[in-house]
Amino acid sequence: MTDELLIVDSLSAGYLGEDVVHDVSLTVAAGEVVAVIGSNGSGKSTMLQSVCGLLAPSGGSVRFDGVELAGVKAHRIARSGLVYVPAERHLFPHMSVRENLFLGAYPTRPSADQLGMVYRVFPRLEERTGQLAGTLSGGEQQMLAVGRALMAGPRLLILDEPSTGLSPILASEAYAALVELRRDGLTVLVAEQQVPLALDLADRGYVLDRGRIELTGTSSQLAADEGVQRAYLGV
Amino acid sequence: MTAVALDGIVLGLQFGILGVGLTLVYGLGGIVNLAHGQMAVLAAIVTARLIDSGSPAVVAAFVGVVAVSVLGVVLDLTLMRPVYRQQGEHRVLLGLLLMLGVGFVIDGLLEWRYPIEALSLRFQGDPIPVLGVAMRRGSLVASAISVAAGGVLVMLLRWTTFGRATRSVIQDETGARLCGINPAAVRTVVFGVSGALAGLVAITVAMTRPVVSTDGVNLTTFGLIVAVVGGLGSVPGAFLAGIILGVVNTISAFYIGSYVSTILLLLAAATTLLLRPRGLLGIG
Ligand SMILES: Nc1ncnc2c1ncn2[C@@H]1O[C@H](COP(=O)(O)OP(=O)(O)OP(=O)(O)O)[C@@H](O)[C@H]1O
Ligand SMILES: [Mg+2]
């Protein structure tokens, strides 16, 4: 296929010389929403961090829009349009919502349109525009993390467990916002252990188990798989 | 009393700029610049040499400030490289030791080459009354420069894209990288700014009293106390702490004696930290 935006090929990564992600290959095409599902410690975050440059992979290759990303610094990867939202959010706690959003557009000064676009997706952020990010509720922080990433005008948005720390209701709300973004044509790769949420959103998915891709298919195929149902859907 | 307080504010503004230079570099990369005062003195000595050889004072001071600013950039790009590769405590300790070494080297060079050099910048004209106190022109110019430098710095940090990027690296370096900000580049620029601020302190101090080649250690010590009391990494905190400690120092020096005043200064610093472990306006 030629319209693949992200091609991860035989990626290995880990800590202190010991791999926890082994030989992972996956692709994301432009306009697609792809989920990586797996339980605690299966290596989702490790894999995503080595895609976005926060962690140096120990092997394999990552190509974004035809460009090899191995060895490229995280800030360069972000500027090239691959924007990562970590589960820990990494907001700037002593800055206002507005300033956090401004920084998302770095190095340019964002236009009113850009801000307006994010405020349309997350009206709550507009109400809280002057509030310090460190004092926001968990749900609001998640909105801000995604909003800040949107300010960059990403070609690929990578989300690590957007449901982290959210109540079931707030987690569904967060995913509802993602459905809206998906309708606007945003390309998304999302890691999640709340499997029903992720499969509702995504076109396709990969199941990661102990650092390896165990299974892949469309969301409905995965949802119908007995193994997935037993392990993640509590059926 | 008013006269002493005003003198305290003059000194406090200088302390503030001294502390800001230290606090920015620490906040960004965990480097405790124990050569900060020595860099300031270096600017003073460069300025004094240039004036000796016939340069106009303004040009000489400008060159002196730029010279230490460049030194800051060079240090960041060379000696600090292996430091930034370390994390946490290791980084702080290695940075501290290397900058201590830089301080020794500068002190040694100055003592060897220019043992009796001093910078004194005098202003012609009568004292000007402020709140009924006759203030020397040097003190007023020094304070105006400090206030202007501080004001410009705060505005740059608050309202420019680069200033915002600088604060973002202090608050969450990973977050900054994910926004496309290169922390290494920010650190290099800010180390240069910090060097310039150190130079500026030496120039303003020279307007109120002679700066001699052995003043480095004292300036480093005062700067460190100010930065810690203000909360390492906090620019407004450093200004606030600088002014408070400048006033404390001047008042106690006037009524008790200058030796005791340094002890009182440390006591004030220790008390602040006991009450507020992260400093007056400490972050994170
Ligand atoms: N900084 C680290 N140093 C050492 N080991 C780590 C580090 N981070 C993660 N690991 C280990 O790597 C493995 C994979 O962790 P990872 O965080 O990638 O899993 P995950 O799928 O994201 O889990 P979760 O759903 O809990 O976030 C785990 O065994 C974990 O203990
Ligand atoms: Mg994770």
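Quick caveat: nothing in here was measured; it's all calculated off a predicted structure. The residue numbers shown here count from 1 along each chain, following its written sequence. Each chain is given a letter, starting from A, and each ligand a number, starting from 1, according to the order in which they appear as written. With pLDDT at 70 or above as the cut-off, local features in this predicted model cover only qualifying residues; side-chain atom pairs require 80 or more to be listed or tallied, and sums for whole chains, interfaces and linings still use all residues. Side-chain numbers here rest on the full set of heavy atoms in the structure, without hydrogens or water.

Enquirer: Break down unusual backbone geometry for me, citing the residues and quoting the values.
Expert: Residue and element names in this part refer to chain A. Between Tyr106 and the following residue, Pro107, the backbone shows a cis peptide bond with an omega angle of 5°. By definition, any uninterrupted DSSP run of H or I lasting at least four residues is a helix, any uninterrupted run of E lasting at least two residues is a strand, and each is numbered from the N terminus. Mapped onto the secondary structure, Pro107 falls in the loop between helix H3 (97–104) and helix H4 (112–121). The phi angle at Asp65 is positive, at roughly 50°, despite the residue not being glycine. Considering the arrangement of structural elements, one finds Asp65 in the loop between strand S4 (59–64) and strand S5 (67–68). Between buried and exposed lies partly exposed: a residue is buried under 20% and exposed over 50% of the maximum accessible area for its type, with that area taken using a 1.4 Å probe on protein chains only. Looking at Asp65, the relative accessible area reads 42%, which means it is partly exposed. Although it is not a glycine, Arg89 sits at a positive phi angle of roughly 70°. Along the chain, Arg89 turns up in the loop between strand S6 (82–85) and H3.

Enquirer: With reference to specific residues and values, describe the packing of aromatic side chains.
Expert: Residues and elements named next belong to chain B. Two rings from Phe, Tyr or Trp (for Trp, the six-membered ring) form a pair when their centres are within 6.5 Å of each other. A pair whose planes differ by under 30 degrees is stacked, one over 60 is edge-to-face, and the rest are tilted. For the structure on display, the rule yields two aromatic pairs over all chains. Geometrically, the ring pair formed by Phe254 and Tyr255 is edge-to-face, given 4.9 Å between the ring centres and 85° between the ring planes. Criterion for a charge above a ring: Lys NZ or Arg CZ within 6 Å of the ring centre, and within 35 degrees of the ring normal. A cation sits over an aromatic face here: Arg113 above Trp112, 5.5 Å from the ring centre. Directly above the aromatic system of Tyr84 lies the positively charged group of Arg187, at a separation of 4.4 Å from the ring centroid.

Enquirer: Can you explain the interface of chain B and chain A? Please cite residues and give values.
Expert: Here a residue-residue contact requires only that any non-hydrogen atoms of the pair lie within 4.5 Å. In this assembly, 21 residues from chain B lie in contact with 24 residues from chain A. Should a side-chain nitrogen of Lys or Arg be within 4 Å of a carboxyl oxygen of Asp or Glu, the pair is scored as a salt bridge. Applying the counting rule to chain B against chain A returns two salt bridges. Of the charged contacts in the structure, one is a salt bridge between B:Arg164 and A:Glu99, with a shortest N-O distance of 3.1 Å. The definition of a polar contact used here is a pair of N or O atoms within 3.5 Å, where within protein one atom must be able to donate a hydrogen and the other to accept one, and adjacent residues in sequence count solely through side-chain atom pairs. Inspection of the region where chain B meets chain A yields six residue pairs in polar contact (both at pLDDT 80 or more). Those elements that provide at least two residues to the side of chain B that touches chain A are helix H6 (137–159), helix H7 (161–171) and helix H8 (173–178) of chain B. Examining the composition of the side of chain B that touches chain A, we find that six residues originate from one element, H7(B), more than from any other. The class makeup of the residues in the side of chain B that touches chain A is seven nonpolar, nine polar and five charged. Under the scheme applied, nonpolar residues are Ala, Val, Leu, Ile, Met, Phe, Trp, Tyr, Cys and Pro; charged residues are Asp, Glu, Lys and Arg; polar residues are all the others, including Gly.

Enquirer: Residue-level account of helix H10 (residues 216–230) of chain B, with values.
Expert: All names here are of chain B. A helix's residues, less one, multiplied by 1.5 Å, set its expected span. With 15 residues, H10 should reach 21 Å at 1.5 Å per residue; the first-to-last C-alpha distance of 21 Å fits that figure. Every buried residue of H10 is accounted for by Gly216, Leu219, Thr220, Phe222, Gly223, Ile225, Val226, Ala227, Val229 and Gly230. Contacts made by the buried residues of H10 are with helix H1 (2–29), helix H2 (36–52), helix H11 (235–255) and helix H12 (258–275). Once H10 ends, the next one or two residues include Gly231, with phi positive near 100°.

Enquirer: I'd love a proper account of the sheet that holds strand S7 (residues 156–160) of chain A, names of residues and values included.
Expert: Residue and element names in this part refer to chain A. Strand pairing follows a simple DSSP-based rule, namely that at least 2 bridges must link the two strands. The mixed open sheet is built from six strands, whose spatial order is S6-S7-S8-S3-S9-S10. The two strands at the open ends of the sheet, each matched to only one other strand, are S6 and strand S10 (212–218). Direction aside, neighbouring strands of the sheet carry axes that sit 15° apart on average. In this sheet, S7 lies alongside S6 in parallel orientation, the contact comprising four bridges. The axes are straight lines fitted to the C-alpha atoms, using for helices just the contacting stretch, and the angles between their N-to-C directions are given from 0 to 180°.

Enquirer: Could you give an account of the side chain of B:Arg164, naming the residues involved and the relevant values?
Expert: Among the secondary structure elements, B:Arg164 is positioned in helix H7. Reaching out from B:Arg164, the side chain makes a polar contact with the side chain of A:Glu99 at a distance of 3.1 Å. Those residues in contact with B:Arg164, other than ones at most four positions away along the chain, are A:Met95, A:Glu99, A:Phe102, A:Leu103, A:Arg109, B:Leu157, B:Arg158 and B:Trp159.

Enquirer: Mind laying out helix H7 (residues 168–183) of chain A, listing which residues take part and the relevant values?
Expert: All names here are of chain A. When the terminal C-alpha atoms of H7 are compared, their 23 Å separation across 16 residues agrees well with the 22 Å that a helix rising 1.5 Å per residue should span. Taken together, the buried positions of H7 are occupied by Ala171, Ala174, Tyr175, Ala177, Leu178 and Leu181. In a view along the axis of H7, the buried residues occupy a sector of 150°, so they form one face of it. With respect to the buried face of H7, the exposed residues turned more than 90 degrees away are Pro168, Ile169 and Arg183. On the buried face of H7, the contacting elements are H4, helix H6 (138–150), S7, strand S8 (188–192) and helix H8 (195–201). Positive backbone phi, approximately 95°, marks Gly185, located one or two places after H7. By arc we mean the arc of the directions from the helix axis to the C-beta atoms, nothing more.

Enquirer: How would you sum up the site of ligand 1? Please name residues and give values.
Expert: Residues and elements named next belong to chain A. Whether a residue is near a molecule or strand is decided by its heavy atoms; if any one of them lies within 4 Å of it, the residue is near. Around ligand 1, the structure places Tyr15, Val20, Ser39, Asn40, Gly41, Ser42, Gly43, Lys44, Ser45, Thr46, Glu161 and Gln193. Backbone polar atom of Gly41 to an oxygen atom of ligand 1: 2.8 Å apart, as the coordinates give it. Here an oxygen atom of ligand 1 sits 3.2 Å away from a polar atom, N or O, in the main chain of Ser42. The fraction of the free accessible surface of ligand 1 (630 Å²) that becomes covered by protein chains is 56%. Take the shell around ligand 1: its biggest share by element is three residues, from helix H1 (residues 44–52). Accessible surface is estimated by sampling points in the Shrake-Rupley manner with a 1.4 Å probe; for residues, cover comes only from the protein chains shown.

Enquirer: Which residues make up the packing of H10(B) against H11(B), and what values do they have?
Expert: Residues and elements named next belong to chain B. Where H10 meets H11, the closest approach of the two axes is 7 Å, and the angle between their N-to-C directions is 120°. Judged on the interaxial angle alone, H11 and H10 are oblique. Considering the relative orientation of H10 and H11, their crossing is right-handed. Residues Ile225, Val226, Val229 and Gly230 of H10 lie in contact with H11, whose contacting residues are Gly237, Ala238, Ala241, Gly242 and Leu245. Residue classes in the contact of H10 with H11 are distributed as six nonpolar, three polar and no charged. If an angle is under 35 degrees, it is roughly parallel; if it is over 145, roughly antiparallel; if it lies from 65 to 115, roughly perpendicular; otherwise it is oblique. Left-handed is the label given to a crossing in which the near helix is rotated counterclockwise from the far helix by less than a right angle, and right-handed is the label when the rotation is clockwise.

Enquirer: Let's hear about the nonpolar core: which residues, and what values?
Expert: Among the nonpolar cores identified, the biggest contains 68 residues, and B:Val20, B:Leu24, B:Ile31, B:Met99 and B:Ile181 are the most heavily contacted of them. With residues up to four places along the chain from it excluded, the contact list for B:Val20 reads B:Leu153, B:Leu197, B:Val235, B:Ala238 and B:Phe239. Take the buried Ala, Val, Leu, Ile, Met, Phe, Trp, Tyr and Cys residues and link them wherever side-chain atoms come within 4.5 Å; each set so joined is a nonpolar core. Ranked by size, the runner-up nonpolar core spans 47 residues in total, among them A:Ala35, A:Leu101, A:Ala133 and A:Leu166.

Enquirer: Residues and numbers for the sheet that holds S5(A), please.
Expert: Residue and element names in this part refer to chain A. On the basis of which strands lie adjacent, the open sheet formed by four strands has the order S2-S1-S4-S5 and antiparallel pairing. Pairing within the sheet leaves two strands with one partner each, and these edge strands are strand S2 (18–29) and S5. Sheet analysis places strand S1 (residues 4–15) next to S2, joined by eight bridges and oriented antiparallel. Bridging from a neighbouring strand, Tyr15 pairs with Glu18 of S2. Strand contacts of H1: S1, S2 and S4, with the helix running at about 120° to S1, the strand carrying the most contacts.

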